[in-house]
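Below are the chains, spelled out letter by letter.
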Amino acid sequence: RKDNDTSTTKANAEKRRLFKSASRIATMFWRLVAALPPLLGSIWATDLSFSFLLAGVAGVYVAFFAPSLMQLASCRRQRILFEQQHDSGVKKEKVSLQNEYTGWYS
């Protein structure tokens, strides 16, 4: 029994170490991917005001469109998961996922 517990603990520690390493690699990869468009844009755009214009357009997307699209995707995904977990085989009703925390800004 003790050998089994030790091997399970070692396996869990190895999984955590691999996950941490993979997470670190993924973070570095996506940071590099995020850094490439500005670098390539700075090669192409020689006027600083044009660079600021591009940054402003990207900022509008990040500030307004990305959060709302993520909210819509999250609500759709949550509805799918809820319906899968509560599938009773009976006639499907429209499920409302509204609660006291759901409001105008969420």
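Now for a quick tour of the structure. Sequence order as written defines residue numbering, which begins from 1 separately in each chain. Where totals are concerned, whole chains, interfaces and linings use all residues; where local detail is concerned, this predicted model gives features only for residues with pLDDT of at least 70, and gives and counts side-chain atom pairs only at 80 or more. Computation of side-chain values covers all heavy atoms of the structure but excludes hydrogens and water.

Notes on helix α2 (residues 48–85)
Now for step 1: Helix and strand assignments come from DSSP, with helices taken as H or I runs of at least 4 residues and strands as E runs of at least 2, each series counted from the N terminus. One less than the number of residues in a helix, times 1.5 Å, gives the span that helix is expected to have. For α2, built from 38 residues, the straight-helix expectation of 56 Å at 1.5 Å per residue is met to within 8% by its first-to-last C-alpha distance of 53 Å.
Now for step 2: What we call the bend at a residue is the angle made by axes fitted to the seven residues finishing there and the seven residues starting there. Of all bends in α2, the biggest is about 35 degrees, found at F65, and the proline P67 comes one to four residues later.

Examining a nonpolar patch on the surface
Now for step 1: Two joining distances apply to patches: 9 Å for like charges and 5 Å for nonpolar side chains (Val, Leu, Ile, Met, Phe, Trp, Tyr), and every residue must have over 30% relative accessible area and no salt bridge. Using a 1.4 Å probe, accessible areas were evaluated by the Shrake-Rupley method; residue-level cover was limited to the displayed protein chains. Definition used for salt bridges: Asp or Glu carboxyl oxygen within 4 Å of a side-chain nitrogen of Lys or Arg. There is a patch of nonpolar side chains on the surface, built from V60, Y61, V62, F64, F65, L69 and L72 and spanning about 720 Å² of accessible area.
Now for step 2: If you trace the backbone, Y61 turns up in helix α2.
Now for step 3: Note on exposure labels: buried denotes an accessible area under 20% of the residue type's maximum, exposed denotes more than 50%, and partly exposed covers the range between, all computed with a 1.4 Å probe on protein chains only. Note on Y61: relative accessible area 45%, which makes it partly exposed.

Section: the packing of aromatic side chains
Now for step 1: Two rings from Phe, Tyr or Trp (for Trp, the six-membered ring) form a pair when their centres sit within 6.5 Å of each other. Planes less than 30 degrees apart are called stacked, planes more than 60 degrees apart edge-to-face, and all others tilted. Taken as a whole, this structure holds one aromatic pair when the rule is applied.
Now for step 2: Relative to W30, the ring of F29 lies with its centre 5.0 Å away and its plane at 75 degrees, an arrangement referred to as edge-to-face.
Now for step 3: Look at F29 and you get partly exposed, because its relative accessible area is 48%.
Now for step 4: The class of W30 is exposed, set by a relative accessible area of 55%.

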